[in-house]
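# Overview (structure and organization)
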Amino acid sequence: MPRSVNSVASRARRKKVMKQAKGYFGRRKNVWTVAKNAVEKAMLYAYRDRRNKKRNFRSLWITRINAGARLHGMSYSQFMGKVKAKDIELNRKVLADLAMNHPEAFKAIVDKVK
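If you're wondering where the values come from, they're calculated on a predicted model, not measured in any experiment. (Residues numbered from 1 in each chain as written. Predicted model: local features only at pLDDT ≥ 70, side-chain atom pairs only at ≥ 80, totals over all residues. Heavy atoms only, no water.)

## Focus on helix α2 (residues 32-71)
An α-helical turn contains 3.6 residues, so any two residues separated by three or four positions project in the same direction. With 40 residues, α2 extends 57 Å from end C-alpha to end C-alpha; this agrees with the ideal 58 Å at 1.5 Å per step. The axis of α2 is deflected most strongly, by about 30°, at Arg50. Listed in full, the buried residues belonging to α2 are Ala35, Ala38, Val39, Asn52, Ile65, Gly68 and Ala69. For α2, the elements touching its buried residues are α1 (7-20), α3 (76-85), α4 (92-101) and α5 (103-113). (Helix = DSSP H or I, 4+ residues; strand = E, 2+ residues; numbered from the N terminus. Expected span 1.5 Å × (residues − 1). Bend = angle between axes of the 7 residues up to and from the residue. Buried < 20%, exposed > 50% of the residue type's maximum accessible area, 1.4 Å probe, protein only. Contact = heavy atoms within 4.5 Å.)

Laid out in structure tokens, this is it:
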């Protein structure tokens, strides 16, 4: 009995990977084995960096809040401690936006927690 292979599914799978590799440089875009490895690696980076992105943004927000708080004579940790104590439910993303783009609103928050 001859070996049965599902070449329709195999080709579809390869086409999907080759489509993902579109735009890559050199053989990474048109040679199956190279493209497969490149796409696999890219997916690993994408998975990892979706998590790293959250860390990076949080640290950016903390830096911005710290800079805004220090303009009004407070450190970041003092400011955040007092924000939590006063039950002001603004997250770091919003506080950082206020510190950067709306300094008068941020000053009002600082005055409220002092």
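## Quick word on the packing of α2 against α4
Packing of α2 against α4 brings their axes to within 8 Å, and their N-to-C directions diverge by 45°. By the angle between their axes, α2 is oblique relative to α4. You can see that α2 and α4 cross each other, and the crossing is left-handed. Contacts between α2 and α4 involve Arg58, Trp61, Ile62, Arg64, Ile65 and Gly68 from the former and Arg92, Lys93, Leu95, Ala96, Ala99 and Met100 from the latter. Partitioned by chemical class, the residues of the contact of α2 with α4 number 7 nonpolar, 1 polar and 4 charged. (Axes fitted to C-alpha atoms, helices over the stretch in contact; angles between N-to-C directions. Parallel < 35°, antiparallel > 145°, perpendicular 65-115°, else oblique. Left-handed = near helix turned anticlockwise from the far one by under 90°. Nonpolar A, V, L, I, M, F, W, Y, C, P; charged D, E, K, R; others polar.)

## Section: the packing of aromatic side chains
Taken as a whole, this structure holds 2 aromatic pairs when the rule is applied. Judged by centre distance (6.0 Å) and plane angle (40°), the rings of Phe57 and Trp61 are tilted. Taken together, the positions of Phe57 and Trp61, both in helix α2 and 4 residues apart, correspond to about one turn of that helix. Note on Phe79 and Phe106: the rings are 5.2 Å apart at their centroids and 45° apart in plane angle, and the pair reads as tilted. Remark: Phe106 occurs in helix α5 and Phe79 occurs in helix α3; sequence separation between them is 27 residues. As far as the burial class goes, Phe79 and Phe106 line up, both buried. Above the ring of Trp32, the side-chain terminus of Arg14 is found at 6.0 Å from the ring centroid. Between Arg51 and the ring centre of Tyr47, over which it is positioned, the NZ or CZ distance is 4.0 Å. (Phe/Tyr/Trp six-rings, centres within 6.5 Å; stacked < 30°, edge-to-face > 60°. Lys NZ or Arg CZ within 6 Å of the ring centre and 35° of its normal.)

Note that every value here comes from positions in space, so none of it alone points to a role or purpose.
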